Amino acid sequence: MATVRSRFEFKASDGASVLAATAALGIACSGAALAQDADTSIVGIQEIVVTAQKFQQDLQKVPIAVSVFDTDELLRARIATFEDIALRSPAFSFFKLNKTQVTPALRGASSIIDAAGADQPVAIFLDEVFLGSTGDFELDFFDLERIEILRGPQGTVFGRNSTGGAINIVTTPPSDEFSAVAQATVGNFGRFDAKGSLTGPLGETVSGRLAFSSRQSDGWVRNVVSGRKLEEDDQLALRGQLRVQPHEGLDVILAGDWLQDDSFGQQRDLIGATPGFTVVTPGREKNDLDTDGGYDRTISGGSLRVKWDAGGGTLTSVTGYRLNDSSMTQDGDGTPVPGIVLERAWDISTFTQELRWNSSGDSRLQWLAGVYFFDQSASRVENYGIDADPASFIGTLAGGALNNTRNRIFQDVDTTSYAAFGQLTYAATDRLNLTLGGRYTTEEKDGLSGVSGDPGLFQDDQPFTVFYDESWDAFTPRFGADFAVTPEALLYTTVSRGFKSGGFAVEGSNEDAFSTPFDPEFALSYEVGAKTRWLDDRLQVNTAIYYVDYDDLQVQTIDEDTGRFFVANVGSASSTGVEIELLAQPTPSLRLGLTYAYLDAEFDDFVLAGEDLSGNIPPLSPETTLNGSAEYTFGFGAGDLTVRADYLYKSEIFFDASNFTVPGNLSRFDGVVNASLGFTTANQAWEIVVWGRNLTDEEVVLQATPNGVFNLEVDRFLGGEQSYGVVWNEPRTYGVTVTWRVGQR
């Protein structure tokens, strides 16, 4: 039966009103700004340069919806992970079962599928190099120039697997002037982090940069059974870059990065109905687990970026190679008795090459053309140890057949993809630009999947191995127009198509389930927006209104009656939304920010295993997102004192296509407050910040899985009771960060 949530009806006329009001105010305020005397004491909002269309542009001139977190904002808001980004971005959500299963979602597009070779609907790029696995979203943000969040399908310029959007992570490049930064953080739960960077010239045409980040903590969840702390951090990351500029017009950057994560312990709390055959103490900071769990992740990569200004245009080559060797162990049932112990290992190698040629100069016709190659080998091994309690539903049903059983699910997939793309932008008038682009992609996936070990829970047949080979192709065009109403007000509209390739599930009960591919996912997006600056750049308001039609949306869902997972294509789904981003700097000392997003997403036509899920809400699609920030700086002779506070709200989300509800509606961020107080010396060499996160100690479920089939007795389970294994957000944290800088400020 479809789940219905309270919502207001959004009409196209309402969206048009929002856009028209924004444009009208932009025109009026721009005119007012021209009529008043300039006040040189007002700093105003500074220009941010982005590469959201593969060349440098002022953010306010980019005719697509983009959120940007520059170096200053990343530091001010203490943004360290994608979870922090998701809380502060319109229509962006984040699902995290563990560090190897991380799923982003944008505008209703998400995918919890973590099979080898499966792809996410949000593409992530590190210095233009595509990162292609769920584990790549658990990165350490350090020494970054900016992060760009591109919302909506980016199938033309960025290509495959961007039906929801794309994320560009841009690291700070080497400089030909010497500078160094060192930073240390101490906090509760044994938190001790250290970060640093060093850059400078190595010769007349050569410069370099080194950066590191270390994250350490004692963990914040205690396992009552073992007495150990869980969710500890033990992570070290390094990055090096070498830049060569032998002559004007040629820029070469060779970069490498490495991350080692040996963090101990994974939480798994049990809420809802609790088993009668053992004692479980529910609570965010206490677990009752027979297995502590932990990680061993090694992620590394290298890239070579060459940019050559040849006079008639700019030739850019981006070569990337990535390695991900990760493993983890997790208690799967959330109880102190043997139930399910999960061990998972990944081994992924990825090679990418992009070559593009774009116009230069100020001609009316600007163009971009390129080719792209992607080659990936992904291996995934999952070992289940199952020892179902005889009193549980599944234990009783199996009659002891699931006592001390072991299953091994393995999958090896090779993916090869080729693409050619191009985009033209023609200045029809001094204020009107027309854009036409397209990309053709062809992709092949071949490999094998299989199950070995004891037959029973996760397969109907005896151990087997299946082989497969499938290919897909797609054309993803883009049409757009933008009009500069005034120099401070831009209106735009765009129609774009996104493509996410098909694949092979790693969940199933027989050979057919493993060897039958799920289909590609397509998204067709219609968007109108406005980007405006008011009052001599003291106020910036950007808005976007969109409608996205999804065909064959890829979803993974769980059968609450058996505990088995299924992968399926939704016949059709859609999302409609409004996004507003406001930034104000009325004085040099005061900075205000506000973002709001309304998202109305649903499955229009979806029948799974005979159950009609039409009308249900896609996973990770909050109806309302609201984020606000305020920052004020007091100037003194010795330096500056800065006070900052953030307020974060996200309405309830569902974790599964079936829309099961977590008890107490705990899946929403119901007013998370962060705050900081910092002092910077007059020469900006030293900074000390006292900070607190989640000061209201909100308890939020980040992930939930129904597992009553393992944890409840027969009569209770058949009577409709259910238990849920959940992952919680961090409790209140606080600490002090000290930063020292020398050289460039």
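Note that this is a predicted model, so its numbers are computed, not measured. (Residues numbered from 1 in each chain as written. Predicted model: local features only at pLDDT ≥ 70, side-chain atom pairs only at ≥ 80, totals over all residues. Heavy atoms only, no water.)

Draft legend 1. A look at the overall build of the chain. Regarding its fold elements, the chain presents 7 helices and 40 strands. Classification of the 745 residues of the chain by burial places 57% in the buried group. Long-range contacts, defined here as pairs at least 24 residues apart, represent 69% of the contacts in the chain between residues at least 6 apart. Summed over all atoms, the accessible surface of the chain reaches about 28,000 Å², with 57% contributed by carbon and sulfur. (Helix = DSSP H or I, 4+ residues; strand = E, 2+ residues; numbered from the N terminus. Buried < 20%, exposed > 50% of the residue type's maximum accessible area, 1.4 Å probe, protein only. Contact = heavy atoms within 4.5 Å. Areas by Shrake-Rupley, 256 points an atom, 1.4 Å probe, with all protein chains shown as cover.)

Draft legend 2. Broad picture of a negative patch on the surface. A cluster of acidic residues, Asp 262, Asp 296, Asp 325 and Asp 347, forms a negative patch at the surface. Along the chain, Asp 262 falls in the loop between strand S16 (250-261) and strand S17 (269-272). For Asp 262, a relative accessible area of 36% translates into the label partly exposed. (Patch = residues over 30% accessible without salt bridge, like charges linked within 9 Å, V, L, I, M, F, W, Y side chains within 5 Å. Salt bridge = Lys/Arg side-chain N within 4 Å of Asp/Glu carboxyl O. Lys, Arg positive; Asp, Glu negative; His and termini not counted. Charge placed at Lys NZ, Arg CZ, Asp CG, Glu CD.)

Draft legend 3. Structural context of the pattern of salt bridges. One pass over the full model with this rule turns up 38 salt bridges. A salt bridge links Arg 297 to Asp 261; the nearest nitrogen and oxygen atoms lie 3.1 Å apart. With Arg 297 in strand S19 (residues 294-309) and Asp 261 in strand S16, this pair connects stretches of sequence that are 36 residues apart. Judged on exposure class, the residue Arg 297 and its partner Asp 261 are both buried. Across the pair Glu 443 and Lys 445 runs a salt bridge whose closest N-O atoms are separated by 4.0 Å. Each member of the pair Glu 443 and Lys 445 is classed as buried. Salt bridges sharing partners connect three or more residues here, namely Lys 99, Arg 191, Asp 193, Arg 215, Asp 233, Asp 261 and Arg 297.

Draft legend 4. Geometry of the pairing of strand S5 (residues 101-106). S5 sits mainly inside the fold: 6 of its 6 residues count as buried. Burial of S5 is two-sided: the residues Gln 101, Thr 103 and Ala 105 facing one way and the residues Val 102, Pro 104 and Leu 106 facing the other way are all buried. As judged from the 6 bridges shared by strand S4 (residues 92-98) and S5, these two strands associate in the antiparallel manner. Paired with Phe 94 across the two strands is Pro 104, which belongs to S5. (Pairing = 2+ DSSP bridges.)

Draft legend 5. The arrangement of the nonpolar core in detail. Ranked by internal contacts, the top residues of the largest apolar core, which has 35 residues, are Tyr 384, Ile 409, Phe 514 and Val 709. Of all the elements in the fold, those that place two or more residues in this core are strand S21 (340-358), strand S22 (365-386), helix H4 (393-398), strand S23 (405-427), strand S25 (464-475) and helix H6 (708-711). With 5 residues, the top contributor of residues to this core is S25. Among the nonpolar cores identified, the runner-up in size contains 23 residues, and Leu 74, Phe 92, Val 102 and Val 122 belong to it. (Core = buried A, V, L, I, M, F, W, Y, C linked by side-chain atoms within 4.5 Å.)

Draft legend 6. View of the confidence of the model for the chain. Of the residues in the chain, 90% have a pLDDT of 70 or more, and the chain-wide mean is 87. In this model residues 1-42 is a low-confidence stretch, pLDDT under 50, and it forms 72 contacts with partners more than four residues away in sequence or in other chains. (pLDDT = per-residue confidence, 0-100.)

Draft legend 7. A nonpolar patch on the surface, seen in detail. A cluster of nonpolar side chains, Tyr 632, Phe 634, Phe 636, Val 643, Leu 677 and Val 690, forms an exposed patch at the surface whose accessible area comes to about 530 Å². Within the secondary structure layout, Val 643 lies in strand S35 (residues 639-650). By relative accessible area, which is 37% here, Val 643 ends up partly exposed.

Draft legend 8. Molecular detail of the pairing of strand S40 (residues 733-743). One ladder, built from 9 bridges, connects strand S10 (residues 179-187) with S40; its direction is antiparallel. Bridge pairing in S40 links Thr 185 to Thr 737. Strand direction decides the pairing type here: strand S37 (residues 686-693) and S40, joined by 8 bridges, are antiparallel. Opposite Trp 686, over in S40, you have Trp 740 as the bridge partner.

Draft legend 9. Examining the sheet that holds strand S7 (residues 129-131) more closely. Overall, mixed pairing links the 5 strands, which are arranged S3-S8-S9-S6-S7 in an open sheet. The two strands at the open ends of the sheet, each matched to only one other strand, are strand S3 (66-70) and S7. Ignoring which end each strand starts from, the neighbouring axes of this sheet average 20° apart. By the bridge criterion, 7 bridges tie strand S8 (residues 144-151) to strand S9 (residues 165-171) in an arrangement that is antiparallel. Across the sheet, residue Ile 147 finds its bridge partner in S9, namely Ile 169. (Axes fitted to C-alpha atoms, helices over the stretch in contact; angles between N-to-C directions.)

Draft legend 10. Representation of the packing of aromatic side chains in the model. All told, the structure shown has 15 aromatic pairs when counted by the stated rule. Consider the rings of Phe 373 and Tyr 418, whose centres lie 5.2 Å apart with planes at 45°: the pair is tilted. One end of the pair, Phe 373, is in strand S22; the other, Tyr 418, is in strand S23, and 45 residues separate them in sequence. The exposure class assigned to Phe 373 is partly exposed, which follows from its relative accessible area of 24%. (Phe/Tyr/Trp six-rings, centres within 6.5 Å; stacked < 30°, edge-to-face > 60°.)

Draft legend 11. Region of the structure containing the sheet that holds strand S14 (residues 229-230). The mixed open sheet is built from 3 strands, whose spatial order is S14-S13-S18. Unpaired on one side and paired on the other, S14 and strand S18 (286-287) mark the two borders of the sheet. Looking at chain direction, strand S13 (residues 221-223) and S18 are connected through 2 bridges and run parallel. Within S18, the residue paired with Arg 222 across the bridge is Lys 286.

Draft legend 12. Main features of the side chain of Asn 168. The topology assignment puts Asn 168 in strand S9. According to the relative accessible area criterion, Asn 168 is buried, its value standing at 6%. Residues in contact with Asn 168, not counting those within four places in the same chain, are Thr 51, Ala 52, Phe 125, Arg 146, Ile 147, Glu 148, Leu 150 and Phe 158.

Draft legend 13. Seen up close, unusual backbone geometry. Positive phi values are uncommon outside glycine, yet Glu 128 reaches one of about 75°. Within the secondary structure, Glu 128 is located in the loop between strand S6 (122-126) and S7. The exposure class assigned to Glu 128 is partly exposed, which follows from its relative accessible area of 33%. Located in the positive-phi region is Asp 536, a residue other than glycine, with phi close to 55°. The residue Asp 536 is located in the loop between strand S28 (521-534) and strand S29 (539-558) in this model.

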